[in-house]
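Results of the structural survey
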Amino acid sequence: MNQLSDRLNSLSPSATLAMSQKSAELKAQGVDVINLSVGEPDFNTPDHIKEAAKKAIDENYSRYSPVAGYLSLREAIVKKLKTENGLDYTPAQISCSNGAKQSVCNTVLALVNPGDEVIIPAPYWVSYPEMVKLAGGVPVTVPAGISQDFKITPAQLEAAITPRTKALILCSPSNPTGSVYSKEELAALAAVLLRHSGIIVVADEIYEHINYIGRHESIAQFPELKDRVVVVNGVSKAYAMTGWRIGFIAAPDWIVKACNKLQGQYTSGPCSVSQKAAEAAYTGTQAPVEAMRQAFERRRDLIVKLAKEVPGFEVNKPQGAFYLFPKCSTYIGKSCGGRTIGSAEDLAMFLLEEAHVATVGGTSFGAPGYIRMSYATSDENIVEAIGRMKTTLAMLG
Ligand code: PMP
Ligand code: GLU
């Protein structure tokens, strides 16, 4: 008997979290697994942020906060948006949630009616289409393979727009590809959007600070479009704070009010202590952010160099985030000891079981011929993981 709602029955589990759990289970059994599956910094949260959280506990930040988050946190975010991004917002235009994941989901639930279409460039982060489906909307994917550096063109965007298009979800720097849209590329997409009234852009900028081209560009910078942009960001990636669960949107008042109404009935404001930690992240020294960025850049160079030496891998040079998304479709259809690799998921499972390296198959990112590797791990792990993968893949014939 299946008594679950249609909404739940149509929802896929998160492949990134599932693979990371599988890898943790194997590790608990004593298997020496190298986990390149989940996307989270391997660094600890910087000390001054942890101190701020301890102080918040001692000062009894233990009660419900305003639904949108403490005013002091929203003021710190307004200042960050102005100084780092040149964007003007008021504290009333900020809503803080339990991570950027909830921020995206709130926005989708606040905007999308059953049957509305949401354009999602593929490869995409696994959760976007599922959130759209939760809202009863229709995900419209626009494919952008490695030959176009995983970025959609203005012509592709134009062709995907219909009278039912409600929103575009744009992630730059991108999970899972690490691709970054330049200012010119964003301007060209903005020009298309400006020809069609009413389409909202959900700009997921959670990897803003993990950027190897020197400067983050937001699609909210174009004044004619800004009233239709929801900027999503948070502390998870830049400050190594994935477990603290603080994200935010910066958006026009009507969208923020709607998200606050939804959140007020659903989760209330996010964790009080985490909010004080996030405030310290935004107002304190930014030196750890740059130190972690540099470490990620060095690892990017290392993994790109090594992955290029793996036969059958086609590799781009990611300009941001901490993922490599090699095309590996040549391995699909090959076999080893009676086991045939039927998909990228089979390949990821083969690599987990035979090489003890956890990756994620590309299908749940909308790119069936690829696998995702997170290089948010030590240089030694990267070298060992790619070495093991190379040896194990050579067994496929
Ligand atoms: N957006 C993207 C593209 C991500 O990769 C993640 C990963 N967690 C999130 C949003 C959610 O981040 P958070 O941990 O703040 O919920
Ligand atoms: N965003 C990270 C990832 O893609 C964390 C897992 C998740 O939230 O899906 O691996």
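Data block above holds the structure.
Some details on the side chain of K276
Mapped onto the elements, K276 comes out in helix α10 (residues 272-283). Not counting residues up to four positions away in its chain, the partners in contact with K276 are A52, A56, Y61, Y70 and S72.

Thoughts on the sheet that holds strand β7 (residues 229-234)
Strand order across the open sheet formed by seven strands is β2-β8-β7-β6-β5-β3-β4, with mixed pairing between neighbours. Strands with a single pairing partner mark the edges of an open sheet, and in this sheet they are β2 (94-97) and β4 (138-143). When the angles between neighbouring strand axes are averaged without regard to direction, this sheet yields 20 degrees. In this sheet, strand β5 (residues 165-171) lies alongside strand β3 (residues 117-122) in parallel orientation, the contact comprising three bridges. Within the sheet, the bridge partner assigned to V118 lies in β5 and is A167.

Observations regarding the packing of helix α5 (residues 100-111) against helix α6 (residues 127-134)
Put simply, α5 and α6 touch, their axes get as near as 9 Å, and they point 35 degrees apart. For the pair α5 and α6, the crossing hand works out as right-handed. Residues K101, V104, C105, V108 and L109 of α5 touch α6, and the partners they reach there are S127, Y128, M131, V132 and L134. A per-class count over the contact of α5 with α6 returns eight nonpolar, one polar and one charged.

Quick look at the pattern of salt bridges
Inspection of every chain in the model, using the stated rule, returns 24 salt bridges. With its nearest N and O atoms 3.9 Å apart, the salt bridge here joins D149 to K151. Linking R195 and E158 is a salt bridge whose minimum nitrogen-to-oxygen distance equals 2.9 Å. In this pair, R195 is assigned in the loop between α8 (183-194) and β6 (200-204) and E158 in helix α7 (residues 154-160), connecting sequence segments 37 residues apart. Under the relative-accessibility criterion, R195 is labelled exposed at 56%. The exposure class of E158 is partly exposed, given its relative accessible area of 27%. One salt-bridge network, in which partners are shared between bridges, spans E290, R293, E297, R300 and D301.

Conventions used here
- Residues numbered from 1 in each chain as written.
- Chains lettered and ligands numbered in written order.
- Predicted model: local features only at pLDDT ≥ 70, side-chain atom pairs only at ≥ 80, totals over all residues.
- Heavy atoms only, no water.
- Helix = DSSP H or I, 4+ residues; strand = E, 2+ residues; numbered from the N terminus.
- Contact = heavy atoms within 4.5 Å.
- Pairing = 2+ DSSP bridges.
- Axes fitted to C-alpha atoms, helices over the stretch in contact; angles between N-to-C directions.
- Left-handed = near helix turned anticlockwise from the far one by under 90°.
- Nonpolar A, V, L, I, M, F, W, Y, C, P; charged D, E, K, R; others polar.
- Salt bridge = Lys/Arg side-chain N within 4 Å of Asp/Glu carboxyl O.
- Buried < 20%, exposed > 50% of the residue type's maximum accessible area, 1.4 Å probe, protein only.

Honestly, it's all geometry; don't read function into it.
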